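Chain by chain, the residues run as shown.
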Amino acid sequence: MLDMILSKFHDAKFMTLFLAAIAVTATVYSLLTPLLVGDGLARRMKAVASERERIRARERDRLNKNDRVSLRQSPRQLVSKIVNDFNLSKWFAQEAAVDKLVMAGYRGHAPYITFLFFRAVMPIVFLIFSVLYVFVLSHMEQSTVIKLAICLVATYLGMQAPMIFLKNAISKRQLSIRRAFPDALDLLLICIESGMSIEVAFRRVSVEIGSQSVALAEEFTLTTAELSYLPDRKVAYENLAKRTGLDGVKSVCLALMQSERYGTPLGQSLRVMAQENRDMRMNEAEKKAAALPPKLTVPMIVFFLPVLFVVILGPTGIKVAAMQ
């Protein structure tokens, strides 16, 4: 049975058909996924509401000098048991990981426990699969040292896999916030100039901007909750800048803190910040457009020119072959 499986993996025709089937399946999945995905705005806003209730309970208990009560979601029992039994929080704990989880949109204790679990499990999984493939499935004509080096590299990739996943999630979330932030500043400016307070303005903008960026609506809702219940409003703005990690958001938060401290007009600052963020978004689009021709050079040479030569020279070659 094992010899038959190994022979199939070394059969070029079978592997070609197998990879083609995977490509077709992935293409169909990519085309159908947008049609099947529902609206995640309600789910994300519900999570934000839970976070707001957690902040309210924490601040109420702090003011009443009672024991702290946290309305966080509990991690899965198996994951939590493994983390506690092996004391993974001692060996794999990272302060930067907590901040990165928050920037990726994963709040509370449950995502951190899950992160520690995968940080410990993924190297073992990658090591097992690499050992099975290198020493059992494939017939590599390499020395044992090279095979062990491949297994060690796979183990290292397993250790870095959770961090890579976090970085990708942070990049996607920051891209969503960056694209919608100038429009959110315009809406915030309109609300401020119409006479709304900053809390009401943030709440109103979070509702309106949700259709464009769920992540930004979530951050604005959390900022509204923190402005309402934190004793120092400066902390709410600092938390917003820390959760997003974007320079544009940090500049706006700094302007809001200066306005709170010195009583400077907020409308003019928001107008300037909105224009700057819009220029940054336009510059990013222009940079991507300018980088497109060099990226298209290789695909043009590899895929388009051979087909063009076949179309142009094909009839001539057929006529020459017929004359001979």
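Residues numbered from 1 in each chain as written. Predicted model: local features only at pLDDT ≥ 70, side-chain atom pairs only at ≥ 80, totals over all residues. Heavy atoms only, no water.

1. Here's the deal with the overall build of the protein chain
Part 1: In terms of regular secondary structure, the protein chain is built from 14 helices and zero strands.
Part 2: Secondary structure elements of the protein chain, listed N to C terminal, follow the sequence α-α-α-α-α-α-α-α-α-α-α-α-α-α.
Part 3: Counting every position in the protein chain, which comprises 324 residues, the buried fraction comes to 30%.
Part 4: In the structure as shown, the protein chain presents an accessible area of about 21,400 Å², 65% of it carried by carbon and sulfur atoms. (Helix = DSSP H or I, 4+ residues; strand = E, 2+ residues; numbered from the N terminus. Buried < 20%, exposed > 50% of the residue type's maximum accessible area, 1.4 Å probe, protein only. Areas by Shrake-Rupley, 256 points an atom, 1.4 Å probe, with all protein chains shown as cover.)

2. Looking at the environment of Ile177
Part 1: Note on placement: Ile177 falls in helix H8 (residues 144–193).
Part 2: Since its relative accessible area comes to 1%, Ile177 is described here as buried.
Part 3: Residues Ile177 and Gln212 lie 35 residues apart in sequence; the distance between their C-alpha atoms is 9.2 Å.
Part 4: Leaving out residues up to four positions away in the same chain, Ile177 has contacts with Ser213, Ala215, Leu216, Glu219, Thr244, Leu246 and Val249. (Contact = heavy atoms within 4.5 Å.)

3. A word on the environment of Arg204
Part 1: Residue position: Arg204 is located in helix H9 (residues 198–208).
Part 2: As for Arg204 and Leu188, which are separated by 16 residues in sequence, their C-alpha atoms are 8.3 Å apart.

4. Some words on the pattern of salt bridges
Part 1: Evaluation of the coordinates by the stated rule reveals 14 salt bridges.
Part 2: Its salt-bridge partner being Arg278, residue Asp186 comes within 2.1 Å of it at the nearest N-O pair. Remark: Arg278 occurs in helix H13 (residues 266–290) and Asp186 occurs in helix H8; sequence separation between them is 92 residues.
Part 3: For Arg278, a relative accessible area of 25% puts it in the partly exposed group. (Salt bridge = Lys/Arg side-chain N within 4 Å of Asp/Glu carboxyl O.)

5. What about helix H14 (residues 292–323)?
Part 1: The first and last C-alpha atoms of H14 sit 45 Å apart over 32 residues, in line with the 46 Å expected at 1.5 Å per residue.
Part 2: The largest bend along H14 reaches roughly 45° and is located at Met300. (Expected span 1.5 Å × (residues − 1). Bend = angle between axes of the 7 residues up to and from the residue.)

6. Some words on the packing of helix H11 (residues 233–244) against helix H12 (residues 247–262)
Part 1: Relative orientation of the contacting elements H11 and H12 amounts to 175°, with a least axis distance of 9 Å. One element, H11, and the other, H12, form an angle in the roughly antiparallel class. Counting all contacts with H11, which are made through Arg233, Lys234, Tyr237, Glu238, Leu240, Ala241 and Thr244, the residues of H12 involved are Val249, Lys250, Cys253, Leu256, Met257 and Glu260.
Part 2: Each residue belonging to the contact of H11 with H12 can be placed in one class, and the counts come to seven nonpolar, one polar and five charged. (Axes fitted to C-alpha atoms, helices over the stretch in contact; angles between N-to-C directions. Parallel < 35°, antiparallel > 145°, perpendicular 65-115°, else oblique. Nonpolar A, V, L, I, M, F, W, Y, C, P; charged D, E, K, R; others polar.)

7. Section: helix H10 (residues 214–229)
Turn by turn, an α-helix covers 3.6 residues, leaving residues three or four places apart pointing in a common direction.
Part 1: The end-to-end C-alpha distance of H10 is 23 Å, a good match for the 22 Å that 16 residues give at a rise of 1.5 Å each.
Part 2: With respect to burial, H10 is a largely interior element, 13 of its 16 residues being buried.

8. Quick word on the nonpolar core
Part 1: If you look at the biggest cluster of nonpolar residues, it comprises 35 residues, and the most contacted ones within it are Leu185, Ile198, Phe202, Leu216, Phe220, Tyr237 and Leu270.
Part 2: Counting residues per element, the ones that place at least two in this core are H8, H9, H10, H11, H12 and H13.
Part 3: With nine residues, H8 is the single largest residue contributor to this core.
Part 4: When neighbours within four sequence positions are excluded, Phe202 is seen to be in contact with Leu188, Phe220, Thr223, Thr224, Leu227, Tyr237 and Leu256. (Core = buried A, V, L, I, M, F, W, Y, C linked by side-chain atoms within 4.5 Å.)

9. Focus: the packing of aromatic side chains
Part 1: A complete count under the given rule lists one aromatic pair for this structure.
Part 2: Centre to centre, the rings of Phe202 and Phe220 are 5.0 Å apart; their planes meet at 80°, and the pair counts as edge-to-face. Of the two residues, Phe202 sits in helix H9 while Phe220 sits in helix H10, which places them 18 residues apart along the sequence. (Phe/Tyr/Trp six-rings, centres within 6.5 Å; stacked < 30°, edge-to-face > 60°.)

10. With respect to the packing of H10 against H11
Part 1: Put simply, H10 and H11 touch, their axes get as near as 9 Å, and they point 160° apart. As judged from the angle between their axes, H10 and H11 are roughly antiparallel. Classified by chirality, the crossing of H11 by H10 is right-handed. On H11, the residues that touch Glu219, Phe220, Leu222, Thr223, Glu226 and Leu227 of H10 are Arg233, Ala236, Tyr237, Asn239, Leu240, Arg243 and Thr244.
Part 2: Of the residues that constitute the contact of H10 with H11, the class distribution is six nonpolar, three polar and four charged. (Left-handed = near helix turned anticlockwise from the far one by under 90°.)

11. A look at the side chain of Arg243
Part 1: When you line up the elements, Arg243 lands in helix H11.
Part 2: At 3.3 Å, the side chain of Arg243 and the side chain of Glu226 are in polar contact.
Part 3: In this view, Arg243 contacts Val102, Met103, Arg107, Glu219, Leu222, Thr223 and Glu226; residues no more than four positions away in its chain are not counted. (Polar contact = N/O pair within 3.5 Å; in protein donor to acceptor, adjacent residues only side chain to side chain.)

12. Some details on the confidence of the model for the protein chain
Part 1: Overall, the predicted model of the protein chain reaches an average pLDDT of 78, with 79% of residues at or above 70.
Part 2: The least confident element of the protein chain is helix H5 (residues 88–91), whose mean pLDDT is 50; the most confident is H11, at 88.
Part 3: Confidence over residues 66–74 falls short of pLDDT 50; this stretch has 17 contacts with residues more than four positions distant or in other chains. (pLDDT = per-residue confidence, 0-100.)

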